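Fold and contact review
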Amino acid sequence: MAMPLRDQLLADLRGRIEEVTAETAARELAAGAVLVDVRDDAERAPGTPQGALGLSRGFLELRIAEAVPDRAARVLALCGSGQRSLFAADTLQRLGYANVASVAGGYAAWLAAGLPVQRGGLDADSAERYSRHLLLPEVGVDGQARLGAARVVLIGAGGLGSPAALYLAAAGVGRLRLIDDDRVERSNLQRQVVHADARVGMRKTESARLALAALNPRIDVECVNERLLAANVEDCLAGADVVIDGADNFPTRYLLDAACRRLALPLVYGAIHRFTGQVSVFDARRGDSPCYRCLFPEPPSAAEAPNCAEAGVLGVLPGVIGLLQATEAIKLLLQRGDPLVGRLLCYDALAASFRELRLGRDQACPGCGRDAFFPGYEDIAQICASA
């Protein structure tokens, strides 16, 4: 009887591809070889060899050159049982990698040998839920785990906080703290998309929590039903990795800016007015970063800066600005890309245009300048109240 095609292929590969034991692979890995775990993301989620590069077999051809640019490097392919890794090793050879081997017995042999394993990755639900993130080399399993361990504090669960919270929850940011003392009104629903008509009258934080839990029940949402004040600002920000400014008044923004500077927290700023909005990042961890008071040294009067209830706002505008804020927060958490530090991104909805302005650190800034001093949160609140 003729040998089945699959068996013939495997026999042919074993005749051409070097196979090594799991123990040998571990020694070579310690000596500098690259061990590529070609199993799918869901298979790798419970565990993978310590130090292995996770790269699914289906994406090997597309991404191996970026991950292992040196085609003379020693590359070991590992799968679940040692069969897919033979095909992967064959592919690597065809791509020009000259020193390739397959790990016989795969991950099962690795476990049986008691070799070191990296656990605590993504479970099957997370691997499926965040699969599109896992395809991005800039995120991957490690980046998704970083998002899952992060805490983002959102000031305001309204126009800007709504889209920011929804997309941060969808992205898998593990802990969101929502700070807002307001209740849902019907006039909010035109732009505050995290709320619903059935929840009019409910606290905004609780309404948002319900929507976020329905979107992603795996995250933790903490509700703080308080207005940000001098007495509670540092407690509200405690433990934050990133803070998102979704406030609609200057006293809150000045308090928030001062606290983020004192606590060395990155602040993602956003503001909207009628048909225009702006976004920036003030990162007190960086010596070159401006602060909010470099942009607005002193608070404008109420007449100079009316709020949405007085001036009106295009309903979709906070969606655009809030999504940009969420994007900047995710970049900061992943430590990827170029955040909007020292840049003010301005959006004009009527003109359908973006414009970027340079925003340098002002040496005369009352907040972070050469002669700046901290007068206390109560005094900052009084400055804003007098304006």
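Our subject is the structure listed above.
Now for a description of the structure that goes with this document.

Reading the values: rules and limits
Residues numbered from 1 in each chain as written. Predicted model: local features only at pLDDT ≥ 70, side-chain atom pairs only at ≥ 80, totals over all residues. Heavy atoms only, no water. Buried < 20%, exposed > 50% of the residue type's maximum accessible area, 1.4 Å probe, protein only. Helix = DSSP H or I, 4+ residues; strand = E, 2+ residues; numbered from the N terminus. Pairing = 2+ DSSP bridges. Right-handed = clockwise from strand over helix to strand, strands pointing away. Phe/Tyr/Trp six-rings, centres within 6.5 Å; stacked < 30°, edge-to-face > 60°. Lys NZ or Arg CZ within 6 Å of the ring centre and 35° of its normal. Salt bridge = Lys/Arg side-chain N within 4 Å of Asp/Glu carboxyl O.

Attention now goes to the pairing of strand 5 (residues 74–78). In terms of burial, strand 5 is largely enclosed, as five of its five residues are buried. A two-sided burial pattern is seen for strand 5, the buried positions comprising R74, L76 and L78 on one face and V75 and A77 on the other. Bridge analysis of strand 2 (residues 34–37) against strand 5 gives four bridges, and the strand direction is parallel. Bridge pairing links L35 to L76 in strand 5. Of the pairings in the sheet, the one linking strand 5 to strand 6 (residues 99–103) comprises four bridges and is parallel in character. Across the sheet, residue R74 finds its bridge partner in strand 6, namely N99. Read as a crossover between parallel neighbours, the route from strand 5 over helix 5 (residues 84–94) to strand 6 is right-handed.

This part takes up the packing of aromatic side chains. According to the stated counting rule, one finds nine aromatic pairs in the structure shown. With a centroid separation of 5.9 Å and 80° between ring planes, the pair formed by F250 and F296 is classed as edge-to-face. Within this pair, whereas F250 is found in helix 13 (residues 250–263), its partner F296 is found in the loop between helix 14 (292–295) and helix 15 (308–311), the two being separated by 46 residues in sequence. On the basis of relative accessibility, which here comes to 16%, the residue F250 falls in the buried class. Ring centres 4.9 Å apart and planes at 75° place the aromatic pair F374 and Y377 in the edge-to-face group. Note on F374: relative accessible area 31%, which makes it partly exposed. Grouped by ring-pair contacts, the aromatic residues F250, Y254, Y269, F282, Y292 and F296 constitute a single cluster. Just above the ring of F250 sits the side chain of R253; from NZ or CZ to the centre is 5.9 Å.

Applying the stated criterion to the full structure yields 26 salt bridges. A salt bridge links R177 to E222; the nearest nitrogen and oxygen atoms lie 2.9 Å apart. On the criterion of sequence distance, the pair formed by R177 in strand 9 (residues 175–179) and E222 in strand 10 (residues 220–224) is long-range, its members being 45 residues apart. Classification of R177 by relative accessible area gives buried; the value is 7%. Residue classification places E222 among the partly exposed residues on the basis of a relative accessible area of 31%. Measuring nitrogen to oxygen at the nearest pair gives 2.9 Å for the salt bridge that ties D257 to R261. With a gap of four residues between them, D257 and R261 both fall in helix 13, about one helical turn apart. With relative accessibility at 2%, the residue D257 sits in the buried group. Relative accessible area serves as the criterion here: at 23%, R261 is assigned to the partly exposed category.

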